[in-house]
Amino acid sequence: KKIKKIKRMSQDSWIDLTNPTREEDNTYTYEFNGWDKEVSMVTGDVTYTAQYKKTYIEYEIKFVDEDGTLISSEKYHYGDKVVLPSDPRKEATAQYTYTFSGWDKEVVDVVSSTTYKATYSSVVNEYKVSWRTAKGGLTETYKYGEMPNFKGNTKKLADNTYTYEFVGWYYENGICMTAIYHPSALLRDVQKRPETFRDLLSIEKKLKERCDIPIFH
């Protein structure tokens, strides 16, 4: 008579001898693959040892960018060393330049499926502002978002015909750069040439609208 089940001596439970199981570990899953010897008619004490087919457990290691975009994905086994992808890059903006600063957690030997996310440090961009006045030029450096403030001398010396008053700055490439003057002699001639005065007022209005630096009279 063929024995189907046998009672364990140490526990009040039964083992199904037709399909014994073995729990998976970190490295393998196990599938019953028969006994170590052919089961035959009992003629004495005998021990049969279950044999199992091992299958590697695969763990997925992902590297993603800051926004979740996939950089790389690889399958590994337990304990494998992770191969790092090339450092990702983040495009600079007008305000910031970005530098890759590492992953959101330490990259370790494989123990489970894991996702690593890129992190970046940022530096506020600096820009050169060049001022050009009657006395020459000056270049300063400002961080993005700062308000430029010219601290030099904006005076322009009189010539044989005119004295000059500083009016404001002329924008070039989005930056107030070149000093603008109007000659006082024209202002004294307003009654004779009113259209000239209207032109000057129009220039001043436009400068005030376009330039954050005050207009001087």
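Provided above is the structure to which this section pertains.
Figured I'd write up the structure that's included with this text. (Residues numbered from 1 in each chain as written. Predicted model: local features only at pLDDT ≥ 70, side-chain atom pairs only at ≥ 80, totals over all residues. Heavy atoms only, no water.)

1. A word on the overall build of the protein
Working step 1: Helix and strand counts for the protein stand at 2 helices and 12 strands.
Working step 2: Mapped from its N terminus to its C terminus, the protein presents α and β elements in the order β-β-β-β-β-β-β-β-β-β-β-β-α-α.
Working step 3: In the protein, which comprises 217 residues, the proportion classed as buried is 26%.
Working step 4: Considering only intrachain contacts with a sequence separation of at least 6, the fraction spanning at least 24 residues in the protein is 38%.
Working step 5: Here the protein has roughly 16100 Å² of accessible surface; of this, 49% comes from carbon and sulfur atoms. (Helix = DSSP H or I, 4+ residues; strand = E, 2+ residues; numbered from the N terminus. Buried < 20%, exposed > 50% of the residue type's maximum accessible area, 1.4 Å probe, protein only. Contact = heavy atoms within 4.5 Å. Areas by Shrake-Rupley, 256 points an atom, 1.4 Å probe, with all protein chains shown as cover.)

2. Regarding the pattern of salt bridges
Working step 1: Counting across every chain of the model gives 5 salt bridges.
Working step 2: Here E66 ties to K90 by a salt bridge, and the two come within 2.6 Å at their closest N and O atoms. Of the two residues, E66 sits in the loop between strand 5 (59-64) and strand 6 (70-76) while K90 sits in the loop between strand 6 and strand 7 (96-103), which places them 24 residues apart along the sequence.
Working step 3: Judged by its relative accessible area of 28%, K90 is partly exposed. (Salt bridge = Lys/Arg side-chain N within 4 Å of Asp/Glu carboxyl O.)

3. Focus: the environment of G136
Working step 1: Mapped onto the fold, G136 is located in strand 10 (residues 136-143).
Working step 2: Residue classification places G136 among the partly exposed residues on the basis of a relative accessible area of 32%.
Working step 3: Taking the C-alpha atoms as reference, G136 lies 9.8 Å from N153; in sequence the two are 17 residues apart.

4. Thoughts on the nonpolar core
Working step 1: Among the nonpolar cores identified, the biggest contains 12 residues, and these are I57, Y59, I61, F63, Y76, V82, F100, W103, V110, Y116, A118 and Y120.
Working step 2: Those elements giving two or more residues to this core turn out to be strand 5, strand 7 and strand 8 (114-124).
Working step 3: Setting aside residues no more than four positions away along its own chain, W103 makes contact with F63, V64, I71, L84, P85, P88, Y116, K117, A118 and T119.
Working step 4: With 6 residues, the next largest nonpolar core counts Y142, F150, F166 and W169 among its residues. (Core = buried A, V, L, I, M, F, W, Y, C linked by side-chain atoms within 4.5 Å.)

5. A closer look at the packing of aromatic side chains
Working step 1: Under the criterion given, the structure shown has 13 aromatic pairs.
Working step 2: Arranged with centres 6.1 Å apart and planes meeting at 50°, the rings of Y96 and Y98 form a pair that is tilted.
Working step 3: Among the residues examined, Y96 registers a relative accessible area of 27% and is labelled partly exposed.
Working step 4: According to the relative accessible area criterion, Y98 is partly exposed, its value standing at 21%.
Working step 5: Aromatic ring contacts, followed pair by pair, group Y28, Y30, F32, W35, Y52 and Y56 into a single cluster.
Working step 6: When the ring centre of Y30 is taken as origin, the NZ or CZ atom of R22, which lies over that ring, is 4.0 Å away.
Working step 7: Cation over ring: K156 sits above Y164, and NZ or CZ is 4.3 Å from the ring centre. (Phe/Tyr/Trp six-rings, centres within 6.5 Å; stacked < 30°, edge-to-face > 60°. Lys NZ or Arg CZ within 6 Å of the ring centre and 35° of its normal.)

6. So, the environment of T97
Working step 1: Counting through the fold element by element, T97 comes out in strand 7.
Working step 2: Distance from T97 to N125, taken between C-alpha atoms, is 6.3 Å for residues 28 residues apart in sequence.
Working step 3: Excluding residues that lie within four positions of it along the chain, T97 makes contacts with A92, S121, S122, V123 and N125.
Working step 4: At a separation of 2.5 Å, a polar atom in the side chain of T97 contacts the side chain of N125. (Polar contact = N/O pair within 3.5 Å; in protein donor to acceptor, adjacent residues only side chain to side chain.)

7. With respect to the side chain of D65
Working step 1: Counting through the fold element by element, D65 comes out in the loop between strand 5 and strand 6.
Working step 2: One buried charged side chain, D65, makes no salt bridge at all; its nearest oppositely charged neighbour is K90, positioned 7.6 Å away.
Working step 3: In terms of polar contacts, D65 uses its side chain to reach the side chain of Y120, at 2.6 Å.
Working step 4: Other than its neighbours up to four places away in sequence, D65 contacts I71, P88, R89, K117, A118 and Y120. (Lys, Arg positive; Asp, Glu negative; His and termini not counted.)

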